[in-house]
Amino acid sequence: MLLIECPWCGKRHETEFQYGGEAHIARPEHPEELTDQQWADFLFMKTNTKGVFRERWNHSNGCRRWFNAIRHTVSHEILAVYKMGDEPPKIEAGEADK
Amino acid sequence: MAKYSIFSIARNALNNHQDWPRQWRSPEPKPDYDVIIVGGGGHGLATAYYLAKEHGITNVAVLEKGWLGGGNTARNTTIVRSNYLWDESAAIYEKSLKLWEGLSQDINYNVMLSQRGVLNLAHNLSDVREGKRRVSANRLNGVDAEWLDAQGVKEFCPVVNISDKARHPVLGATLQRRGGVARHDSVAWGYARAADARGVDIIQNCEVTGLRREGDKVVGVETSRGFIGAKKVALVTAGHSSVLASMADIRLPLESHPLQALVSEPIKPVIDCVVMSGAVHVYVSQSDKGELVMGAGIDSFNSYGQRGSFHVIEHQLGACLELFPIFSRVRMMRSWGGIVDTSPDASPIVSKTPVKGLYINGGWGTGGFKATPGSGWAFAHTVAKDEPHKLNAPFNLDRFTSGALVDEHGAAAVAH
Amino acid sequence: MSRVNRTASGGRIDRSKIINFTFNGQRYRGFDGDTLASALLANGVHLVGRSFKYHRPRGIVAAGAEEPGAMVQLEEGAQTQPNIRATQIELYEGLTASSVNVWPSVDFDVSALNGLFAKFMTAGFYNKTFMWPKSFWMKFYEPIIRRAAGWGRAPDKNDPDIYDQMHAHADILVVGAGPAGLIAALEAGRAGARVVLVDEQSEPGGSLLSQNRKIEGLDSSDWVAKAVAELRSMPDVRILSRTVLFGYYDHNYLCAVEQKTDHMPLSQRIGKVRQRVWHFRAKRVIIATGAHERPLVFADNDRPGIMLAGSVQTYANRYGVMPGKNIVLFTNNDGAYETALDLTQAGANIVSIIDVRREAAGELPTRARAAGIEILNGYAITATRGRKRVTAVEIRAIQKGARQYTSAGRWLDCDLVAMSGGWSPVVHLFSQSQGKLSFSAEKSCYIPNISVQSQDVVGAANGTFDLASCLLEGQFAGNAKSAGLRKISVVEPTEGQMEPFWIVPGSVPIGEGSAKHFVDFQNDTSAADIALATREGFENSEHVKRYTLTGFGTDQGKTSNINALGILAGLLDKPMTEIGTTTFRAPYTPVAYGALAGRNLGRWSDPVRVTSIHKWHQENGALFENVGQWHRPWYYPKPGETMQDSLNRECLAVRNGVGVLDASTLGKIDIKGPDAAEFLNRIYTNAWMKLGVGRIRYGLMCHEDGMVFDDGTTARFGDNHFLMTTTSGNAAAVLDWLEEYLQTEWPELKVYCTSVTEQWSTISIAGPKARKLLQKIAPDMDLDPETFPFMSFKEGTVAGMAARVFRISFTGELSYEINVPWNEGLAMWNAVMAAGDEFDITPYGTESMHVLRAEKGFIIVGQETDGTTTPQDLAMNWIVSKKKPDFIGKRSFTRADTSRGDRKQLVGLLTEKADEVLEEGSQLVFDQFAPIPMPMAGHVTSSYYSAALGRSIALALVKGGSGKEGEKIYIPLEGKTLTATIVSPVFYDKEGSRQNGEI
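Residues numbered from 1 in each chain as written. Chains lettered and ligands numbered in written order. Predicted model: local features only at pLDDT ≥ 70, side-chain atom pairs only at ≥ 80, totals over all residues. Heavy atoms only, no water.

Caption draft 1: Molecular detail of the interface of chain B and chain A. At the interface, 25 residues of chain B touch 25 residues of chain A. Where chain B abuts chain A, roughly 2,100 Å² becomes buried across the two surfaces, and 52% of that area is made up of carbon and sulfur atoms. When the buried surface of chain B facing chain A is broken down by residue, Arg251, Asn302 and Tyr304 of chain B rank first, second and third, together holding 29% of it. For the pair chain B and chain A, the interface holds 18 residue pairs in polar contact (both at pLDDT 80 or more). If you list the elements that add at least two residues to the side of chain B that touches chain A, you get helix H7 (241-246), strand E12 (255-264), helix H8 (310-323) and helix H10 (399-402) of chain B. If one sorts the elements of the side of chain B that touches chain A by residue count, E12 of chain B sits on top with 3 residues. (Contact = heavy atoms within 4.5 Å. Buried area = accessible area lost by both parts, 1.4 Å probe. Polar contact = N/O pair within 3.5 Å; in protein donor to acceptor, adjacent residues only side chain to side chain. Helix = DSSP H or I, 4+ residues; strand = E, 2+ residues; numbered from the N terminus.)

Pasting the structure below:
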């Protein structure tokens, strides 16, 4: 049961949230200009990082806002949370991978 | 390979079991191999075995970063079945089940396949429709399948609660009698021993840290024990598929999630088959040791941590007690987590890659154990011939571009 | 029965309160404060069970959670519990227990014959045999194995007890109320922290309840009482006794189970919560879980009467029980000497202290020697005798590290062996929390090394075994600022260095001969099994564990794992630091499923949603269908009707008169904002910008992969205001989906979505007489088809209530959906029913709705679609805009596979025989004579008997079906094959003329 800090509501149990997978996969502005391969890359391909990972959460049983988190996918440590549209804070990989 | 039998046990008992040979050698890696298989789990070891047995390719190394069979092979709920909906899935899982049925004899290692029957419960009309659809498809695909109504479920598995007062009442179930369970560790050990006997080098504590390429062709792997050359490299690292593939700059449509399971204390036999319920997220069987073995749904978030969140277990036990109220006073003895790499269509990737000589087998999600023999068999063919067998051709990487997914999620349980 | 083994006085039992209990049918007496184990030992009962493989007699070894055997079936009938450790059962009046997995009795167990085949039943033997003949495995061998396996029995009746769950936050969560935990809680509490102190025992104190110490001038038990009193006086401190902290998860989330009634007589438990699972989120955790004593591994070390020395001390000092009269101690450390001294004081005869160490000159050995106890240094027990109770031990001088001894032995008579192989810190929770252990060569045990979470490990759990240091660590952890300011004076013996000693050599190498050096008492794993494992190449500790099953029992190896690792290190000739432990997994001790499920059972396992009209449906005989969380009326049988009769009646009423459906469960999403139309335009496959105010449009939503996700109608209330409807089961998912796009992809769109599903009750009237009915109750509403056309809506007064009326149709008949505020739903329903009486209005359920829409070829998402179906597959190209440059899903339509012409497409099917109703889900083939596996052409998605058409109809997805009208298709069943003709999916009123109803 992770403890997740919603940027609007503060720290809450994981059960209040819905997971949204990898962050910063923007929907292409002009899908029609993409090749099938490029479209498939947007649709399906994932980085699936082992380590420091930028991901999306939705405070679905709370304020219902989406936000981003930077979490280590082995230690599960949450290193930062930031609002949609904000630049991801810089995380020293070495520090988190300790 | 020293043959195992009741006679060899008796013979060895006479001299206090001092002369049993190692089940597999512990060789130093050679400078190069025809094929390197990355990942010493069930699928990787099966691949090595069938490469040697079916294709005569024995200059093979299986590289395992930890102890063999220590990943998902050691962590699953051991269910074996082949009653998948789509033709493509049914074909490869049924091939697998047929191999299971002769496996103990083939590799001279008792993997304790126990064909006790697998029930997939239906809890609403949509489940019933889907269940019947699957039974119909299975039959035409030559996969044994039956539909049981609620009373039939009760007769087959008397401890299931079929009260229509239940929150999610049991309306019926599909039954595959040839489905069941097997002993997970024995599968890894048996394949390891049989592959080793055919000359395959099984190298534990050897972590692959990079893939070396020349041009568009793979030439070997960097490991914690140095560079090892190879004409072909096969990645079979369920859970970590993306990590290995990224070493060749290949992105996969996979996400790694925790999948948790648990066992109860051993009790006298109470349930004689496997019961699965997708709708309430639980599957249950009883092991030969007497433990109730249960699995849950995956945890929502990406993780390589081999552990999940406890509310998932609590939810699962609530669901379990809905189906089996008499288990309430039975106690959870041990819980654990594995890492499953889930694909968009809940089907695996058993495929060539854009890199010549590099092959990948992964994305089995929550259902890889049952596929172990079939996956290894088809993948061995793919590696040996440099082209997929027709069994795994549908499970190529290109399907994500063409859209030809093999979507085993089933229909969403939705109606007006 | 006499209580033969009670000390004269002392202990924390209440000798004035006699407790009667029954074990294996025999009645006994104990005292209040006893455990079942202490009471049995007090009554001279050592033999309590049999081992797993060989069914050797086994007794009580320990006094707590680490007990490897001594499992009983507690109580009978619905309240029975399998596999409960006698050491953890508080005695209560009327307790009934029996041994597990014995037949016919623990005294005479037929399966003990297995022992004769012990040479065959080595580790992993089952992998090597039972393979021929192949069919024998399932028919013969496995059933025998299964019958033999398992300990106790699950109840065969439903659990009469209730359980609950609690959530709590703590500044400091202290696990373990021994000396280190108590002082930590005190210091933290004094500093004003919100403290929770969790302890598994019936009372706080831990080791201080078993050992006589002086702390700050007080006897240890008095000091405990004082500490507890102070803790109880603090408002923000909560003490939970009888509470096992069983799981330590990420982000300092911990779970514990509190036993609330298990110590009470059965009659007092009724109506009370039996167990409660606590969920803690702690800012900091202090792990003070103590240590477990290790057995020594020697030949036939498993006989009843061979116990852990510290546990014997506990039985003597805490429970006033003397488990034997002539006692041999066997040790590699000083601790056992204190046990010997305590036992001597209580009147026992110490036969001898056998110490593997060449020298023992510390305080305790010196005192023992002074007390006249024989001490044999450099000796070990090399054999034991006694079938159901140890009667003698053989001792010899031994050479450390030797594989075999050569010295002469002598036998000592005894009735109890108290052994001590040193102590293992209870690092389970630390390890579960992802903390990293290291092996301390000095202390010869695994100790916490690197913490990952916010925590301290103190006392014996940290490998700190002397009381003064335990208290100091506890003080620091509780409050680092004030700690050390107050020095706590302690009187305790100083202990000398222990000497690791993993296995006693035998007369022949381990594994030869018939003696067994047990490592895991529960699973019958012996040192020979570990040796065999390494011989066969299982060298990793995880492999050894799995191959030999060491640590796989209900005790999860609390006493056995470390000895197995020690023996493994010896076999591989490696230092312990290179061996590595196996993983510690939750739960620390087993937890009942019922407790973990808590109250989330039955109706509370998943919320049930019903409409405001539900009561009417119930009172009028409706049967219900689960749709998502909703209970929806399925159909309304009248007395004597079959289901088909009811459906025929309901459907014909709609086709010929008027029917009424409770459609309140349809998802409703209110969408507002200046960009609402643009948003819909992106979400739906068709065009939305030009939809007029007051008009309604049907839409189809796809996921980005082009597969249909949901459908429904959306009405325009204003330039910037829409009301979307969704399928009943998908409402939440659609809202989530909309929100996700608005927040993450198109934050520039000003659109606001609100779920209003439960704000509006929806009553749908359908049939040629629908207009007449509506006009009757909405006399002021203009229902002229010209001014209130199909796919439009009006707001007005209906039956005196403000209502929104939508003219849409899912049946093909003239139809109005009357929406009123949720709490007026029943009133509106009643008004409609009353007004409809003259038209013979007929309520219909979801099944008739399905038939009616299928007659019209309308799809149901989740039935005609399964996540692999595009709008084109559904023959709904008409709803896919060609003009819009983009909408969700569009790009995927042109992919190679998605644009194939021979995809499965929606068609209608008519069976050869009109009364043959196909089974939904049936697979279809073009070639009925193809061999198995038969190439399949598709499947039946919907199939009904249509009363209006007087025949069966079906919808199906068929490969290339759109171009195959008129062709035959086959449905192979068991024993027969049906034939159908592919037709248009629209069966009824193809031209759509019924939409206007009767004028």
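Caption draft 2: Structural context of the pattern of salt bridges. With the rule as written, the count across this model stands at 91 salt bridges over all chains. For Glu704 of chain C, the salt bridge goes to Arg27 of chain A, with nearest N and O atoms at 2.4 Å. Residue Glu704 of chain C is found in the loop between strand E37 (696-702) and strand E38 (708-718), and its partner Arg27 of chain A is found in the loop between strand E3 (18-22) and helix H1 (36-44); the two belong to separate chains. The same class applies to Glu704 of chain C as to Arg27 of chain A, namely buried. Of the charged contacts in the structure, one is a salt bridge between Glu54 of chain B and Lys53 of chain B, with a shortest N-O distance of 3.8 Å. Accessibility expressed as a relative area gives 38% for Glu54 of chain B, which makes it partly exposed. (Salt bridge = Lys/Arg side-chain N within 4 Å of Asp/Glu carboxyl O. Buried < 20%, exposed > 50% of the residue type's maximum accessible area, 1.4 Å probe, protein only.)

Caption draft 3: Structural detail: a nonpolar patch on the surface. Residue and element names in this part refer to chain C. Among the surface-exposed residues, Trp103, Phe108, Val110, Leu113, Leu116 and Phe117 lie close enough to one another that they form a single nonpolar patch of about 710 Å² accessible area. Mapping Leu113 onto the fold places it in the loop between strand E7 (95-99) and helix H2 (125-128). According to the relative accessible area criterion, Leu113 is exposed, its value standing at 51%. (Patch = residues over 30% accessible without salt bridge, like charges linked within 9 Å, V, L, I, M, F, W, Y side chains within 5 Å. Areas by Shrake-Rupley, 256 points an atom, 1.4 Å probe, with all protein chains shown as cover.)

Caption draft 4: Spotlight on the sheet that holds strand E36 (residues 667-672) of chain C. Residue and element names in this part refer to chain C. An order of E37-E38-E39-E36-E40 is seen for the 5 strands of this open sheet, with the pairing classed as antiparallel. Since the sheet does not close on itself, it has two edges, and those belong to E37 and strand E40 (752-755), each with one partner. Taken pair by pair, the neighbouring strands of this sheet meet at an average axis angle of 30°, ignoring direction. Bridge analysis of E38 against strand E39 (residues 721-726) gives 4 bridges, and the strand direction is antiparallel. Residue pairing in the sheet places Ala715 in a bridge with Leu723 of E39. Here helix H17 (residues 676-683) sits on the sheet and contacts E36, E37, E38, E39 and E40; the angle it forms with E39, its principal contact strand, is near 30°. Contacting E36, E37, E38, E39 and E40, helix H18 (residues 731-745) runs over the sheet at an angle of about 25° to E36. (Pairing = 2+ DSSP bridges. Axes fitted to C-alpha atoms, helices over the stretch in contact; angles between N-to-C directions.)

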